[in-house]
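# Chains, contacts and geometry: an overview
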Amino acid sequence: MSHGSINRVREVLDSSSVLTGAAIDERYYHDLAGKALAKPRAVVRPRTTEQVSDFLRLCHHEKVSVTTQGGMTGLVRGALPNAKEVVLSTERMNAVEEVNTSAGVAIAQAGAPLQRIQERVEQEGHTFPLDLAERGSCTIGGNISTNAGGNRVIRYGMTRDLILGLEVVTADGTVLHGLRKYLKSNTGIDLKQQLFIGSEGILGW
Ligand SMILES: Cc1cc2nc3c(=O)[nH]c(=O)nc-3n(C[C@H](O)[C@H](O)[C@H](O)COP(=O)(O)OP(=O)(O)OC[C@H]3O[C@@H](n4cnc5c(N)ncnc54)[C@H](O)[C@@H]3O)c2cc1C
C-alpha cells in the first residue's frame, strides 16, 4: 500500500486508527512463541462496519492484501501478516451490543473477547456455551472464522452451531446484512452463515 493510499485511509478513518512504521507494536506480528515475524505495512483499527467497508473497498481497488487479526490466539498462524500486507485489527470493535433474554440471543462486535460475552450473558442468567482456555484473549470473530470447538463441544456443538446470523464485509467492501435476532427463520438458503463460518477470514470480515 502506497503512502498516498495510507493517507487516504487516514482520511476515511480517524488518524489514530492507522499505525505505520515504529508505531506498529510487535504484538501485531509475533507468533505464539513470542517471536517477531514480518512487520506489516500498516495496522488499521476501525471502529464501525462502515469504516471496515470503506477500508476494504480501497484495498480492493488498489489490490492490497489484508490480514484480519482478532486476539491472535489461533494455532495455525492465520492472523500473521507478511511484509506486503496490511493488518485489519478488530481490537476497537469489542462491544457486546445487546443481550435479548427472551430470544436467548446476544449480539456482539467481531472483536469482543469471548470472556466478555460469557460474563455479559451470565449477568442475565444465561450461558454462552462456547469456552476455551484463551477466553480472555480470543475474540468472537476469531472463534467464528476458525469454527472453534472448545471444551464443551460434545454437549453444545461447534461455534457453527451457536451462531444465528452474521454481518459480513466482503473483500470489495460490500456489507452483507445477515444478523438475525430470532431462531425461527425459514426464508431462503443459509449461504451467508455457513459459507463464512470456518473460512479463516479468506471470504470476508
Ligand atoms: C491455549 C489455547 C487454547 C485453545 N483451545 C481451543 C479449543 O479448545 N478449541 C478450538 O477450536 N480452538 C482452540 N484454540 C484455537 C482457537 O481457534 C483460537 O484460540 C480462537 O478461536 C481464535 O480466536 P482469535 O480471536 O484469537 O483469532 P486470531 O488468532 O486472531 O485469528 C484466527 C483466524 O481467524 C481470522 N479472523 C480473526 N478475526 C476475524 C474476523 N473478525 N473476520 C474474519 N476473519 C477473522 C484470522 O485472519 C485468522 O485466520 C486454542 C488456542 C490456544 C492458544
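Residues numbered from 1 in each chain as written. Predicted model: local features only at pLDDT ≥ 70, side-chain atom pairs only at ≥ 80, totals over all residues. Heavy atoms only, no water.

The name an unreviewed UniProt entry assigns to the chain is FAD-binding PCMH-type domain-containing protein, from the organism Bradyrhizobium canariense. Looking at the Cofactor (unreviewed entry) heading of the UniProt record, one finds this comment for the chain: "FAD". (UniProt positions renumbered as here; feature names shortened; annotations may be inferred.)

Moving on, we get to the overall build of the chain. In terms of helices and strands, the chain carries six helices and eight strands. For the chain, the succession of helices and strands along the chain, N to C, is α-β-β-α-β-β-β-β-α-α-α-β-β-α. Scaling as 2.2 N^0.38, a compact globule of 205 residues should have a C-alpha radius of gyration of about 17 Å, and the chain matches this with 17 Å. Each principal axis of the C-alpha atoms in the chain carries an extent, and together these give about 50 × 40 × 25 Å. Taking all 205 residues of the chain together, the buried fraction comes to 41%. Contacts in the chain between residues at least 24 apart in sequence constitute 54% of all its contacts with a sequence separation of at least 6. Just so you have it, the chain exposes about 11000 Å², and 51% of that area is on carbon and sulfur atoms. On the chain, the mean spot of the 23 positive side-chain charges and the mean spot of the 22 negative ones are 2 Å from each other. (Helix = DSSP H or I, 4+ residues; strand = E, 2+ residues; numbered from the N terminus. Rg over C-alpha atoms; globule rule 2.2 N^0.38 Å. Buried < 20%, exposed > 50% of the residue type's maximum accessible area, 1.4 Å probe, protein only. Contact = heavy atoms within 4.5 Å. Areas by Shrake-Rupley, 256 points an atom, 1.4 Å probe, with all protein chains shown as cover. Lys, Arg positive; Asp, Glu negative; His and termini not counted. Charge placed at Lys NZ, Arg CZ, Asp CG, Glu CD.)

Another aspect to go through is the nonpolar core. Core analysis: the biggest nonpolar cluster contains 18 residues, and Leu114, Ile117, Phe128, Leu132, Ile140, Ile144 and Leu166 have the highest contact counts within it. Elements with a minimum of two residues in this core: β5 (96-100), α3 (114-123), α4 (140-146) and β7 (166-169). Top element by residues in this core is α3. It accounts for three residues. With residues up to four places along the chain from it excluded, the contact list for Ile140 reads Ala108, Gln109, Ala110, Ala112, Ile117 and Phe128. Counting 17 residues, the second largest nonpolar core, distinct from the first, contains Val9, Val44, Val64 and Leu88. (Core = buried A, V, L, I, M, F, W, Y, C linked by side-chain atoms within 4.5 Å.)

Here the focus is the site of the ligand. For the ligand, the set of nearby residues contains 28 residues, the closest of which are Thr68, Thr73, Thr139, Ser145 and Glu200. Measuring from an oxygen atom of the ligand, one finds a backbone N or O atom of Gly74 at 2.7 Å. Within the backbone of Gly78, an N or O atom sits 3.4 Å from an oxygen atom of the ligand. The fraction of the free accessible surface of the ligand (970 Å²) that becomes covered by protein chains is 83%. Put simply, the parts of the chain that give the shell around the ligand at least two residues each are β3 (66-69) and α4. Considering every element that reaches the shell around the ligand, the biggest residue donor is α4, with five residues. Both of domain 1 (3-89) and domain 2 (96-196) provide at least three residues apiece to the shell around the ligand. (Near = heavy atom within 4 Å. Polar contact = N/O pair within 3.5 Å; in protein donor to acceptor, adjacent residues only side chain to side chain. Domains from an automatic or database assignment.)

The next point concerns unusual backbone geometry. Leave glycine aside and you will find that most residues have negative phi; peptide bonds, for their part, are mostly trans. Unlike most non-glycine residues, Lys63 shows phi in positive territory, near 55°. With respect to the secondary-structure elements, Lys63 resides in the loop between α2 (49-62) and β3. Classification of Lys63 as exposed rests on a relative accessible area of 74%. One non-glycine residue, Met72, lies in the positive phi region at around 60°. Inspection of the secondary structure puts Met72 in the loop between β3 and β4 (86-89).

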